[in-house]
Amino acid sequence: MAASTSLTLSSATFAKLSPHPFLLANLQPTDQSTPSSRTNGRQPRQPRPYSVNTSSLSHAHGSAVVRSGDTTVICGVRGETLFTSHIPNYRVQQAGDASGNGNGADELRDYDLLVPNVELATGCAPNFLPGVPPTTLAQTLSTRLFSLLHRSHLLNAGDLRIYQDNSTTGSKKSTQAEKEGDTDEDEEETEQAKEVKAYWVLYIDVLFISFDGNPFDVAWAAILAALRDTKLPLAYWDVDREMVMCSRDKTPAPLSIRGLPVACTAAVFTTRERQKKGDGQYWILVDPDRLEESLCDETVTMVVDKSSGETRVLNISKRGGTVVGPKFMREFATVAGTRWEEFRAVLQ
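Residues numbered from 1 in each chain as written. Predicted model: local features only at pLDDT ≥ 70, side-chain atom pairs only at ≥ 80, totals over all residues. Heavy atoms only, no water.

Observations concerning the overall build of the protein chain
Point 1. The secondary structure content of the protein chain amounts to nine helices and 14 strands.
Point 2. Considering the protein chain as a whole, with its 348 residues, one finds that 41% of them fall into the buried category.
Point 3. Contacts in the protein chain between residues at least 24 apart in sequence constitute 69% of all its contacts with a sequence separation of at least 6.
Point 4. Total accessible area on the protein chain stands at roughly 19,400 Å², and carbon and sulfur atoms take up 49% of it. (Helix = DSSP H or I, 4+ residues; strand = E, 2+ residues; numbered from the N terminus. Buried < 20%, exposed > 50% of the residue type's maximum accessible area, 1.4 Å probe, protein only. Contact = heavy atoms within 4.5 Å. Areas by Shrake-Rupley, 256 points an atom, 1.4 Å probe, with all protein chains shown as cover.)

Pasting the structure below:
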């Protein structure tokens, strides 16, 4: 009689056949002395460290490569000029309001001066096939990034304005006015020495080289690093040529970035695949990978900024589920603050 052999499965096979019980077995081990951990070895509230490399693209005004675990994103920022005469809804600024109100948020939004685009490269994950239209995920990420770019008031429209300097023309008119004794009109003309004739439009292209979950956080981190690396040449409007010219004598100027908003995402994993509110145990998985995202029905993203010394919540977005409540949000704000400090340390 043949001896009976026990059937054992490797962890990789177990994960493919029964992913939910596999993750649950790691988070809820039978041995009480064994700490709860995820399948990738991280603790439930332990994110993957960031790696940032700036100025990676030589033909862009700013670029950055950001990696978090096996998710790698490259972001390139390139500026193109847009004439005010080509803007259908352009509103001429009044005299004395050349700097705009605040950081010019209305100009950035109304004139579409910030254009983010997300592309999931073929081969970055098994489910992204070649020759297909943009996926729903890519379009959703582009919309969320576009919204956060404006809501965070990250950029100043004054950095994107291109002026026509009428000081030379004004000096000629002032000489003629002095001869004629008309100094009042000369003072009014010098107040309007600058006139906005064009804008820089920032095209922000985000490309996923490898994809292993939590795409929004990594894409936003790449945009932040690329914008901080962006330097635009000094541009002006040439009256004689009626076109925008760039000065070669002066060093390109960096953008004035307001604050440092950092995104932090967590997924809620429950003991049951379909769990009702208040029923059963759950775990908060910070910075989920691709496997964990497929097993969680509820995710929350919080954008915080601690540049002023205190944690300011700029945006909260939530999808699905019924577990997340006010108590969790207060705890998660602390986790997001720690994530902000980690990203700032990497940038510096």
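What follows continues from the structure just given.
Describing the side chain of Thr 72
Point 1. With respect to the helices and strands, the residue Thr 72 is situated in strand E3 (residues 71–83).
Point 2. Ignoring any residue separated from it by four or fewer positions in sequence, one finds Thr 72 in contact with Val 65, Val 66, Arg 67, Leu 207, Phe 208, Ile 209 and Ser 210.

Topic: the layout of surface pockets
Point 1. Volume-wise, the largest pocket comes out at about 530 Å³.
Point 2. Together, 21 residues line the largest pocket, and Leu 137, Pro 215, Glu 293, Thr 299 and Arg 319 are the ones closest to its centre.
Point 3. Within the residue set of the lining of the largest pocket, elements represented by two or more residues are helix H4 (136–151), helix H7 (215–229), helix H8 (290–295), strand E13 (298–305) and strand E14 (312–319). (1 Å grid on protein atoms, 1.4 Å probe; cavity = no way out; pocket = protein on both sides within 12 Å on 5 of 7 lines; lining within 4 Å. Points joined across faces, edges and corners; volume = space filled by probe spheres on them.)

Here's the deal with H4
Point 1. Here H4 is 16 residues long and its end C-alpha atoms lie 22 Å apart, about the 22 Å a rise of 1.5 Å per residue gives.
Point 2. Where H4 is concerned, the buried positions are Ala 138, Leu 141, Ser 142, Leu 145, Leu 148, Leu 149 and His 150.
Point 3. Its buried side turned inward, H4 meets helix H3 (105–110), strand E4 (114–120), strand E6 (194–210), H7, E13 and E14.
Point 4. Within two residues after H4, His 153 carries a phi angle of roughly 50°, on the positive side. (Expected span 1.5 Å × (residues − 1).)

A few points about the environment of Pro 21
Point 1. With respect to the helices and strands, the residue Pro 21 is situated in helix H2 (residues 19–27).
Point 2. Exposure remark for Pro 21: the relative accessible area of 38% places this residue in the partly exposed category.
Point 3. Here the alpha-carbon distance between Pro 21 and Thr 271, two residues 250 residues apart in the chain, equals 8.6 Å.

Considering the nonpolar core
What tends to happen in soluble globular proteins is that the nonpolar side chains get buried as a cluster.
Point 1. Core analysis: the biggest nonpolar cluster contains 75 residues, and Leu 160, Leu 202, Phe 208, Trp 220, Ile 223, Leu 227 and Phe 332 have the highest contact counts within it.
Point 2. Ranked by residue count, the leading element in this core is H7, at 11 residues.
Point 3. The contact partners of Ile 223, leaving out residues within four places of it in the chain, are Cys 75, Leu 145, Leu 149, Ile 204 and Val 206.
Point 4. Judged by nonpolar contacts, the second largest core, of nine residues, contains Leu 24, Phe 269, Trp 283 and Leu 285. (Core = buried A, V, L, I, M, F, W, Y, C linked by side-chain atoms within 4.5 Å.)

A few points about the packing of H4 against H7
Point 1. Across the interface, H4 lies against H7 with an axial gap of 11 Å and an inter-helix angle of 50°. By the angle class used here, H4 and H7 are oblique. The interaxial crossing formed by H4 with H7 has right-handed handedness. Every residue of H7 that contacts H4 at Leu 137, Leu 141, Arg 144, Leu 145, Leu 148 and Leu 149 is listed here: Pro 215, Phe 216, Ala 219, Trp 220, Ile 223 and Leu 227. (Axes fitted to C-alpha atoms, helices over the stretch in contact; angles between N-to-C directions. Parallel < 35°, antiparallel > 145°, perpendicular 65-115°, else oblique. Left-handed = near helix turned anticlockwise from the far one by under 90°.)

Thoughts on the pattern of salt bridges
Point 1. One pass over the full model with this rule turns up 17 salt bridges.
Point 2. One salt bridge in this structure joins Glu 80 and Arg 78, with 3.3 Å as the shortest N-O distance.
Point 3. Here Asp 238 and Arg 241 are joined by a salt bridge, their closest N and O atoms 3.2 Å apart. (Salt bridge = Lys/Arg side-chain N within 4 Å of Asp/Glu carboxyl O.)

Remarks on the packing of aromatic side chains
Point 1. One pass over the structure, following the stated rule, counts nine aromatic pairs.
Point 2. For the ring pair Tyr 111 and Tyr 199, a centre distance of 5.6 Å and an interplane angle of 55° mean the geometry is tilted. Linking Tyr 111 in the loop between H3 and E4 with Tyr 199 in strand E6, this pair joins segments that are 88 residues apart in sequence.
Point 3. What makes Tyr 111 buried here is its relative accessible area of 6%.
Point 4. Exposure remark for Tyr 199: the relative accessible area of 1% places this residue in the buried category.
Point 5. Three or more aromatic residues link up through ring pairs in this structure, and these residues are Tyr 90, Tyr 111 and Tyr 199.
Point 6. Here Arg 144 stacks its cationic end above the ring of Phe 216, 4.0 Å away from the centre of that ring.
Point 7. The aromatic ring of Trp 237 is capped on one face by Lys 197, whose charged end is 5.4 Å from the ring centroid. (Phe/Tyr/Trp six-rings, centres within 6.5 Å; stacked < 30°, edge-to-face > 60°. Lys NZ or Arg CZ within 6 Å of the ring centre and 35° of its normal.)

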